[in-house]
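The primary structure of each chain is shown beneath.
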Amino acid sequence: MTADGKTASIQAPVELTLTSQMPAEKETDNGQYDADAIAREIANGVDIEDGQPNPFVFLLTILVSFSGFLFGYDTGYVSGALVAIGTDLGREITSSDKEFITSATSLGALLGGIIAGTLADVLGRKWVTIGANTLFVVGAALQTGAHTVWTMIGGRFIMGWGVGIASLIAPLYISEMAPSRFRGRLVILNVLAITGGQVIAYAIGAGLEGLQNGWRLLVGLGIIPAVAQMIMFIYMPETPRYLVRRGQIEKARHVVRWIYSSRNVEVDEEVVVKKVKLLEIYNNDQHPEWSGYNRFKYALKQLYFVPGHFRALVVACGLQGIQQLCGFNSLMYFSATIFQVVGFNKPTAVSLIVAGTNMAFTILAFLLIDIVGRRRILLCTVWGMSAALVLNAIAFHFLPPNATQSDPWAIVILIAMMLYVAFYAAGIGNVPWQQSELFPMHVRGLGTSMATATNWGGNLIIGSTFLTMMNRITPSGTFGFYASLCLLGEVFVYFCYPETSCLTLEDIQGVLKDGFNIKRSNQMSQEAKIKHRASTRVVVSDSEV
Ligand SMILES: O[C@H]1[C@H](O)[C@@H](O)[C@H](O)[C@@H](O)[C@H]1O
């Protein structure tokens, strides 16, 4: 759709490449090409989304998910490192040093997230991933060799840029590569890598506790996956949607052929051509000769003034805001401190349970997301987070001042926290990272940047206010406050988040065009699932014959 709300028109790049295999051009009243009408005609018979993805797509996803692992590992090790540093940075580190060291990464990630989308549009998804790895390596090397607090903070800040960029690029790359039926699950593999990275960082941190300079090893180990990913990514392809936008049609066809061919079935050449043509229609509406600045200006205007794109922005930022402002990362960063206050003897081991629950329930989300649907999963879990937080607030209220771990209220707190983490991980912990699917290509980079920045902005706010809130308004007040934000989140999801599971990226643009269209999206997603199920049955019975 254009800025003035009229039917979308195909701009020069698409017009130039229409071939004799393509359907007749459709003209609207004002003489422009009607993209939707052409797309509908081309789409007729293009059903490669129904097939099984090539195992190579899984391999590629795992490789991209190294970025998620690094995000998790680098945000996870800080809690163990802070306890172990002692006087290794030249003096005893103070609480405010700890706050600086922790939030330097969040601040870097916020800034990295802001530029990541635009960088990805200019340099490509692949090279920006390689760039993020370089930042991981430089940041980790600086910290490993740090002998002053400020070198440590500098290293964390540089690494933060890498974390912010990687947190945007990995899900973006996966969702542009994945066949629609598997997109949700493949994006969650990346979140699984984040939570896995956090568990491993906690576990290594606990294992190295007490070892002289063990924290340096903990930090330095993060360099290995970064270098490994950097080397392997040199040989990885760009996404077909990005290639199309760059006018590299032959390369795009090659990648499409490769993604959609299953082990023993090559995709029909005509179908490949049509699929790429569809991608062109939806993903290539800018003049190829535009300068970076003009592209950026165009995208900014489109994002804020085209109602469908603005709706996508509201949904993406809203979900990322809920993910962080629900307070989850206060547990990630400070759970050991909390459990110490509650009276547990081995607070680090107890916080490992929190990280483990987070990872276990992310696996549940992986299994359910494309079957149950993103919206339904959120509606079923966000209220649960709120209820668990209320229970937590009540338990803190009744917890006696010098409680021990055998106090019934201490046990209630542990159970309430695990419930909260389980509800979080099954839903809002991962659904917002499906953000790329909400935006059409020309605003995808910028839109996902805004959403990623909202994530890291929220992360920074929670990380830097949690301990102060616990002191000023008591633990009960703090968790009660987070509970009310979760309730607001539930209302937001109910009114604004349409179902997107099993829809193609291009279908989703259609859903958001003239409203949030919750009902229509549910119906479309349902129909897509029935169609996929039917086609799977046909494939199975064919192979039986
Ligand atoms: O999706 C991830 C995951 O839930 C992590 O456990 C959390 O620490 C991050 O903030 C979030 O973005």
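Since the model is a prediction, treat every value here as computed from it, not as a measurement. (Residues numbered from 1 in each chain as written. Predicted model: local features only at pLDDT ≥ 70, side-chain atom pairs only at ≥ 80, totals over all residues. Heavy atoms only, no water.)

### Side note on the overall build of the protein
Secondary structure summary: the protein contains 22 helices and zero strands in total. Burial status across the protein gives 58% buried among its 545 residues. Contacts in the protein between residues far apart in sequence, at least 24 positions, make up 79% of those at least 6 positions apart. Looking at the protein as shown, the accessible area adds up to about 21,900 Å², and 65% of this sits on carbon and sulfur atoms. (Helix = DSSP H or I, 4+ residues; strand = E, 2+ residues; numbered from the N terminus. Buried < 20%, exposed > 50% of the residue type's maximum accessible area, 1.4 Å probe, protein only. Contact = heavy atoms within 4.5 Å. Areas by Shrake-Rupley, 256 points an atom, 1.4 Å probe, with all protein chains shown as cover.)

### Things to note about helix 3 (residues 55-64)
Looking at helix 3, one finds that the buried residues are Val-57, Leu-60, Thr-61, Leu-63 and Val-64. Each buried residue of helix 3 sits inside an arc of 160° when the element is viewed along its axis, so together they form one side. Contacts made by the buried residues of helix 3 are with helix 4 (66-84), helix 7 (149-177), helix 8 (180-208), helix 10 (223-233) and helix 12 (249-260). (Arc of directions from axis to C-beta.)

### Quick notes on the packing of aromatic side chains
The tally for this structure, following the rule as stated, stands at 20 aromatic pairs. Here the aromatic rings of Phe-339 and Phe-344 are separated by 5.6 Å at their centres, their planes lie at 85°, and the arrangement is edge-to-face. Both residues of the pair, Phe-339 and Phe-344, count as buried. Clustering of aromatic rings is evident, with ring pairs tying together Tyr-333, Phe-334, Phe-396, Phe-466, Phe-479, Phe-481 and Tyr-482. The positively charged end of Arg-375 is found above the aromatic ring belonging to Tyr-494, 5.7 Å away from the centroid. (Phe/Tyr/Trp six-rings, centres within 6.5 Å; stacked < 30°, edge-to-face > 60°. Lys NZ or Arg CZ within 6 Å of the ring centre and 35° of its normal.)

### Structural notes on the site of the ligand
In the vicinity of the ligand, 14 residues are found, and the nearest of them are Gln-198, Gln-323, Asn-329, Asn-358 and Gly-429. Between the ligand and Gln-198, the relevant distance is 2.8 Å, taken from an oxygen atom to a side-chain nitrogen or oxygen of the residue. Within the side chain of Trp-433, an N or O atom sits 2.9 Å from an oxygen atom of the ligand. Contact with the protein chains covers 99% of the free accessible surface of the ligand, which is 300 Å². The set of elements that each furnish at least two residues to the shell around the ligand consists of helix 8, helix 15 (307-325) and helix 16 (328-342). When residues of the shell around the ligand are assigned to their parent elements, the largest contribution, four residues, is made by helix 8. The residue makeup of the shell around the ligand, split by class, is six nonpolar, eight polar and no charged. (Near = heavy atom within 4 Å. Polar contact = N/O pair within 3.5 Å; in protein donor to acceptor, adjacent residues only side chain to side chain. Nonpolar A, V, L, I, M, F, W, Y, C, P; charged D, E, K, R; others polar.)

### Things to note about the side chain of Ser-65
With respect to the helices and strands, the residue Ser-65 is situated in the loop between helix 3 and helix 4. On the accessibility criterion, Ser-65 (6% relative accessible area) is buried. Contacts of Ser-65, omitting those with residues within four sequence positions, involve Ile-174, Leu-189, Asn-190 and Ala-193.

### A few points about the nonpolar core
If you look at the biggest cluster of nonpolar residues, it comprises 74 residues, and the most contacted ones within it are Tyr-77 and Leu-89. No other element matches helix 7, which puts 14 residues into this core. Ignoring anything within four residues of it in the chain, the contact list for Tyr-77 reads Gln-143, Arg-156, Met-159, Ala-201, Leu-218 and Val-219. Counting 71 residues, the second largest nonpolar core, distinct from the first, contains Val-342, Val-382, Leu-438 and Ile-462. (Core = buried A, V, L, I, M, F, W, Y, C linked by side-chain atoms within 4.5 Å.)

### Observations concerning unusual backbone geometry
Both trends apply: most residues other than glycine have a negative phi, and most peptide bonds are in trans. You will see that Thr-474, though not glycine, has its phi angle at about 70°, which is positive. Tracing the sequence through the fold places Thr-474 in helix 20 (residues 441-496).

### Section: the packing of helix 6 (residues 125-144) against helix 10
Here helix 6 crosses helix 10 at 155°, and the two axes come no closer than 9 Å. If you check the angle between helix 6 and helix 10, you find them roughly antiparallel. Classified by chirality, the crossing of helix 10 by helix 6 is left-handed. Contacts between helix 6 and helix 10 pair Lys-126, Thr-129, Ile-130, Asn-133, Thr-134, Phe-136, Val-137, Ala-140 and Ala-141 from the former with Ile-223, Ala-226, Val-227, Gln-229, Met-230 and Phe-233 from the latter. Per-class residue counts for the contact of helix 6 with helix 10 are 10 nonpolar, four polar and one charged. (Axes fitted to C-alpha atoms, helices over the stretch in contact; angles between N-to-C directions. Parallel < 35°, antiparallel > 145°, perpendicular 65-115°, else oblique. Left-handed = near helix turned anticlockwise from the far one by under 90°.)

### With respect to the pattern of salt bridges
What the rule picks out here adds up to 12 salt bridges. Ionic pairing is found between Arg-241 and Glu-506, a salt bridge with its closest N-O pair at 3.4 Å. You can see Arg-241 sitting in helix 11 (residues 240-245) and its partner Glu-506 sitting in helix 21 (residues 505-512), a full 265 residues away along the chain. Of the two residues examined, Arg-241 and Glu-506, each falls in the buried class. Its salt-bridge partner being Arg-520, residue Asp-514 comes within 3.2 Å of it at the nearest N-O pair. By relative accessible area, which is 56% here, Asp-514 ends up exposed. Each of Asp-121, Arg-125, Glu-176, Arg-245 and Arg-444 takes part in salt bridges that share partners, so that together they form one network. (Salt bridge = Lys/Arg side-chain N within 4 Å of Asp/Glu carboxyl O.)

### A word on the confidence of the model for the protein
Of the residues in the protein, 86% have a pLDDT of 70 or more, and the chain-wide mean is 85. Interface confidence for the predicted complex, expressed as ipTM, amounts to 0.98; the pTM equals 0.85. (pLDDT = per-residue confidence, 0-100.)

### Points about the side chain of Asp-407
Structurally, Asp-407 is set in the loop between helix 18 (374-398) and helix 19 (408-426). Beyond its immediate stretch of four places on either side in the chain, Asp-407 contacts Leu-399 and Pro-400.

### Describing the environment of Ala-422
Position of Ala-422 among the secondary structure elements: in helix 19. Overall, the relative accessible area of 12% leaves Ala-422 in the buried class. Residues Ala-422 and Val-199, 223 residues apart in the sequence, show an inter-C-alpha distance of 15 Å. Leave out the neighbours within four places in its chain, and Ala-422 touches Thr-357 and Phe-361.

### Focus: the state of the cysteines
Summed over the entire model, instances satisfying the criterion amount to zero disulfides. The thiol of Cys-326 is not disulfide-bonded; the next cysteine sulfur, from Cys-486, is found 5.1 Å away. Under the relative-accessibility criterion, Cys-326 is labelled buried at 1%. Cysteine Cys-496 is unpaired, with the sulfur of Cys-317 as its nearest cysteine sulfur at 12 Å. A relative accessible area of 15% places Cys-496 in the buried class. (Disulfide = S-S within 2.5 Å.)

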